[in-house]
Amino acid sequence: MDKKEKTIITVTAALLVVALVATAVVFFVQKKKNDFTPPPFDKGAISGKPAVDNEAFQYRKVTVSEDLIFSLCMCPLYEAGNADVFLTNDESSNAYIRIVLFDAEDNPIGESGLLKPGEYIESVSLSISPEKDTSIKAKILSYDKKTYYSKGTSDGNLSLIMSDQFE
């Protein structure tokens, strides 16, 4: 073999190695991209706006940005293992939202599925059974409607009220 043939073979082999590496990279990036599973939509979601009768629950509208507008009871009623948060994704919101509730030690104690704009949930099932009124933390997570990328979060404290106060 002369020098020219050796150079052609070496360059061809190098190009094949580069092509194989590029193919492997594309394969693994695509596989990792497909591993993402968006959060499920809440099966208990209701279209419309809830009728929250009692002002004691402090149902408030919160505007985080023009894309993220929701309403929530700041003093949800606790009854039979559920916190009646009445989380509502405003119809003008441009994101899917969900709520995660935490105890005083930042342990998750309940969460919802995704809500579309114009939907609400009445309550979130809790993994704790408080004996008395207690403070819990709420985190509202928002997601882009097409990509499910985060559009931000909103955090706050809620005062959980025992249902026996309203009997």
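Refer to the structure above for everything that follows.
Definitions and cut-offs
The residue numbering used here restarts from 1 in each chain and proceeds along that chain's sequence as written. For a predicted model such as this one, the threshold for reporting local features is a pLDDT of at least 70, and the threshold for listing and counting side-chain atom pairs is 80 or more; totals across whole chains, interfaces and linings nevertheless cover every residue. The basis for every side-chain value is the complete set of non-hydrogen atoms in the structure, without hydrogens or water. Secondary structure follows DSSP: runs of H or I at least 4 residues long count as helices, runs of E at least 2 residues long count as strands, and numbering of each begins at the N terminus. For the radius of gyration, the atom set is restricted to C-alpha positions; the globular benchmark scales as 2.2 Å times the number of residues to the power 0.38. Buried residues are those whose accessible area, probed at 1.4 Å on protein chains only, stays under 20% of the maximum for their type, while exposed residues exceed 50% and partly exposed ones sit between those limits. Positive charges come from Lys and Arg, negative ones from Asp and Glu, while His and the chain ends are left out of the count. Each charge is placed at NZ for Lys, CZ for Arg, CG for Asp and CD for Glu. Strands were regarded as paired on the criterion that DSSP finds at least two bridges between them. For this analysis, a ring pair means two rings from Phe, Tyr or Trp (six-membered ring only for Trp) whose centres lie within 6.5 Å, classed as stacked if their planes differ by under 30 degrees, edge-to-face if by over 60, and tilted for the remaining angles. Polar contact criterion, stated in full: a pair of N or O atoms within 3.5 Å, where within protein one must be able to donate a hydrogen and the other to accept it, and residues adjacent in sequence count only if both atoms are side-chain atoms. Contacts between residues were defined by any pair of non-hydrogen atoms, one from each residue, lying within 4.5 Å. Salt bridges are identified by distance alone: a Lys or Arg side-chain nitrogen within 4 Å of an Asp or Glu carboxyl oxygen.

A.B. asks: So what exactly am I meant to see when it comes to the overall build of the protein here?
C.D. replies: Scanning the protein from N- to C-terminus turns up 1 helix and 12 strands. Shown N-terminal to C-terminal, the secondary structure of the protein runs as helices and strands in the order α-β-β-β-β-β-β-β-β-β-β-β-β. Relative to a compact globule of 167 residues, whose C-alpha radius of gyration would be 15 Å, the protein shows 25 Å and is clearly more extended. Based on the C-alpha atoms only, the size of the protein along its principal axes is roughly 100 × 35 × 25 Å. Looking at the protein as a whole, 34% of its 167 residues are labelled buried. Separation between the mean location of the 18 positive side-chain charges and that of the 24 negative ones in the protein comes to 16 Å.

A.B. asks: I tried to follow the sheet that holds strand β10 (residues 124–125) on my own but got confused; where do I start?
C.D. replies: What links the strands of a sheet is backbone hydrogen bonding, and the strands pair in either a parallel or an antiparallel sense. Taken together, the 7 strands give an open sheet; going across it, the order is β8-β7-β11-β12-β4-β5-β10, and neighbouring strands pair in mixed fashion. The open sheet has two edge strands, β8 (108–111) and β10, and neither has a second partner. Two elements, strand β4 (residues 77–79) and strand β12 (residues 150–162), share 2 bridges in a ladder whose sense is parallel. When the sheet's bridge partners are listed, Tyr78 is paired in β12 with Met162.

A.B. asks: Mind showing me how you'd approach the packing of aromatic side chains here?
C.D. replies: For any pair of aromatic rings, the description consists of the separation of the ring centres together with the inter-plane angle of the planes. Scanning the entire structure with this criterion turns up 2 aromatic pairs. Measuring from centroid to centroid gives 4.9 Å for Phe41 and Tyr96, while their planes differ by 85 degrees, and the two rings are edge-to-face. Here Phe41 is found in the loop between α1 (3–34) and β1 (46–47), whereas its partner Tyr96 is found in strand β7 (residues 96–102), with 55 residues between them in sequence. On the basis of relative accessible area, Tyr96 is assigned to the buried category, the value being 13%. Note on Tyr96 and Tyr148: the rings are 5.9 Å apart at their centroids and 35 degrees apart in plane angle, and the pair reads as tilted. Here Tyr148 lies in the loop between β11 (134–143) and β12 and Tyr96 lies in strand β7, a separation of 52 residues in the sequence.

A.B. asks: It is not clear to me how the side chain of Asn89 should be interpreted in this structure. Could you clarify?
C.D. replies: When you line up the elements, Asn89 lands in strand β6 (residues 87–89). Overall, the relative accessible area of 0% leaves Asn89 in the buried class. From its side chain, Asn89 meets the backbone oxygen of Leu115 in a polar contact 3.0 Å long. Once residues lying within four places of it in the same chain are set aside, the contact partners of Asn89 are Ile69, Ala95, Tyr96, Ile97, Leu115, Lys116, Pro117, Gly118 and Glu119.

A.B. asks: What is the right way to read the sheet that holds β6 from this model?
C.D. replies: With antiparallel pairing, the 5 strands of this open sheet are ordered in space as β1-β9-β6-β3-β2. A strand with exactly one partner marks an edge of an open sheet, and here the two such strands are β1 and β2 (59–63). Where β1 meets strand β9 (residues 119–121), 2 bridges bridge the pair, whose relative direction is antiparallel. Bridge assignment links Ser47 to a residue of β9, and that residue is Glu119.

A.B. asks: Got a minute to help me understand the side chain of Asp103 in this structure?
C.D. replies: Mapped onto the elements of the fold, Asp103 is located in the loop between β7 and β8. The buried charged residue Asp103 lacks any salt bridge, with Lys137 as its nearest oppositely charged partner at 7.1 Å. Within the local environment of Asp103, its side chain forms a polar contact with the backbone nitrogen of Glu105, the two atoms lying 2.9 Å apart. The contact partners of Asp103, leaving out residues within four places of it in the chain, are Ile109 and Lys137.

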